[in-house]
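Architecture and fold: a report
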Amino acid sequence: VEHVADVKLFLTSCLKLVKPEGLFIVSTINRTAKSYALAIIAAEYILKWVPQGTHDHSKFVKPEEIAAALVDENVEISAATGFVYNPFTTRWGFSDDASVNYALTIKPNS
């Protein structure tokens, strides 16, 4: 989501593609100081996981901004679920910490 020009248009367009009883899962990066440090400084400049300049911190999206973009839609939005990387196991896992990477489940109501 952090790479699209119009977040609301992207979200509402994707919702139109969800079948009845389907789910729309959105994964993006939260706009926090911690996400700046980890997603930009660490991932781009220190670890070089992605090319420098891949991310623009101002385009990171807070969970409440996604909810605000969908306020006129008839949907239920789950609480944000965080994703965290464990450098010791080199694995990603779910977390209550949504301050960097997170996902929301969006369920259209009939």
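Read on for an overview of the structure. Computed from a predicted structure; not experimentally measured.

Here's the deal with the packing of aromatic side chains
For any pair of aromatic rings, the description consists of the separation of the ring centres together with the inter-plane angle of the planes. Counted under the stated rule, the structure contains three aromatic pairs. Geometrically, the ring pair formed by Phe83 and Phe94 is tilted, given 5.5 Å between the ring centres and 40° between the ring planes. With Phe83 in strand S3 (residues 81–86) and Phe94 in strand S4 (residues 91–95), this pair connects stretches of sequence that are 11 residues apart. Residue classification places Phe83 among the partly exposed residues on the basis of a relative accessible area of 23%. You can call Phe94 exposed: its relative accessible area is 67%. Note on Tyr85 and Trp92: the rings are 5.3 Å apart at their centroids and 55° apart in plane angle, and the pair reads as tilted. Among the aromatic side chains, those forming a connected cluster through ring pairs are Trp49, Tyr85 and Trp92.

A short note on the nonpolar core
Soluble, globular proteins show a tendency: their nonpolar side chains are buried together. Core analysis: the largest hydrophobic core is formed by 15 residues, its most contacted members being Leu11, Phe24, Val26, Ile66, Leu70 and Ile106. Residue assignment for this core shows that the elements contributing at least two residues are helix H1 (7–15), strand S1 (24–29), helix H3 (63–69) and strand S5 (101–108). Setting aside its immediate chain neighbours within four residues, Ile106 contacts Leu15, Leu23, Phe24, Val26, Ile66, Leu70, Val75, Glu76 and Ile77.

A few points about unusual backbone geometry
Non-glycine residue Lys48 carries a positive phi angle of around 55°. Position of Lys48 among the secondary structure elements: in the loop between helix H2 (33–46) and H3. Phi at Thr90 takes a positive value of approximately 55°, unusual for a residue other than glycine. For Thr90, the location among the structural elements is in the loop between S3 and S4.

A word on the layout of surface pockets
Approximately 380 Å³ is the volume attributed to the largest pocket. For the largest pocket, the lining is made up of 19 residues, of which Leu38, Trp49, Tyr85, Trp92 and Asn101 are closest to its centre. Breaking the lining of the largest pocket down by element, the ones donating at least two residues are H2 and S3. Examining the composition of the lining of the largest pocket, we find that five residues originate from one element, H2, more than from any other. Across the lining of the largest pocket, the residue classes tally to 14 nonpolar, three polar and two charged.

Focus: the side chain of His55
Along the chain, His55 falls in the loop between H2 and H3. A polar contact of 3.5 Å, which involves the side chain of His55, links it to the backbone oxygen of Ala39. Ignoring any residue separated from it by four or fewer positions in sequence, one finds His55 in contact with Glu2, His3, Ile29, Ala39, Ile40, Glu44, Val50 and Phe60.

Rules used throughout
- Residues numbered from 1 in each chain as written.
- Predicted model: local features only at pLDDT ≥ 70, side-chain atom pairs only at ≥ 80, totals over all residues.
- Heavy atoms only, no water.
- Phe/Tyr/Trp six-rings, centres within 6.5 Å; stacked < 30°, edge-to-face > 60°.
- Helix = DSSP H or I, 4+ residues; strand = E, 2+ residues; numbered from the N terminus.
- Buried < 20%, exposed > 50% of the residue type's maximum accessible area, 1.4 Å probe, protein only.
- Core = buried A, V, L, I, M, F, W, Y, C linked by side-chain atoms within 4.5 Å.
- Contact = heavy atoms within 4.5 Å.
- 1 Å grid on protein atoms, 1.4 Å probe; cavity = no way out; pocket = protein on both sides within 12 Å on 5 of 7 lines; lining within 4 Å.
- Points joined across faces, edges and corners; volume = space filled by probe spheres on them.
- Nonpolar A, V, L, I, M, F, W, Y, C, P; charged D, E, K, R; others polar.
- Polar contact = N/O pair within 3.5 Å; in protein donor to acceptor, adjacent residues only side chain to side chain.

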